[in-house]
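Listed here are the chains, written in short residue letters.
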Amino acid sequence: MPDITMCHGEGCHAKEQCYRFTAKPSDYQSYFMTPPIKDGKCDHYWGENAEYVWNMLNEIVSGSRNDKKK
């Protein structure tokens, strides 16, 4: 379940590569009212590694990530 604002992707040429469009929505998912595209660009585009980065950040914040780099 993504804890993000998702996008319906109307008029977006990059939607198939954007996590905000491709993630599996939850039952109570939030969406942008209109796609946040201005001048052909989206400031909210979330590329292919988004889920990995999101999960890593959640692990860091929750304290469950134990890096042993020294």
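As shown above, the structure is provided for reference.
Computed from a prediction, not measured in an experiment: that's the story for all the values here.

Participant: Before we go on, may I ask you to explain the nonpolar core in this structure?
Facilitator: One recurring pattern in soluble globular proteins: nonpolar side chains tend to sit buried together. Core analysis: the largest hydrophobic core is formed by six residues, namely Ile4, Met6, Cys18, Tyr19, Ala23 and Trp46. Discounting residues that sit within four places of it in the chain, Ile4 has contacts with Tyr19, Arg20, Gln29, Ser30, Trp46 and Trp54.

Participant: How should unusual backbone geometry be read in this particular structure?
Facilitator: Both trends apply: most residues other than glycine have a negative phi, and most peptide bonds are in trans. You will see that Asp39, though not glycine, has its phi angle at about 55 degrees, which is positive. Tracing the backbone shows Asp39 in the loop between strand E3 (37-38) and strand E4 (41-42).

Participant: Would you explain a nonpolar patch on the surface in this entry?
Facilitator: Taken together, the side chains of Tyr52, Val53, Leu57 and Ile60 present a nonpolar region at the surface, about 400 Å² in accessible area. Structurally, Val53 is set in helix H2 (residues 50-62). Judged by relative accessible area, Val53 falls into the partly exposed class, the value being 39%.

Calculation notes
Residues numbered from 1 in each chain as written. Predicted model: local features only at pLDDT ≥ 70, side-chain atom pairs only at ≥ 80, totals over all residues. Heavy atoms only, no water. Core = buried A, V, L, I, M, F, W, Y, C linked by side-chain atoms within 4.5 Å. Buried < 20%, exposed > 50% of the residue type's maximum accessible area, 1.4 Å probe, protein only. Contact = heavy atoms within 4.5 Å. Helix = DSSP H or I, 4+ residues; strand = E, 2+ residues; numbered from the N terminus. Patch = residues over 30% accessible without salt bridge, like charges linked within 9 Å, V, L, I, M, F, W, Y side chains within 5 Å. Areas by Shrake-Rupley, 256 points an atom, 1.4 Å probe, with all protein chains shown as cover. Salt bridge = Lys/Arg side-chain N within 4 Å of Asp/Glu carboxyl O.

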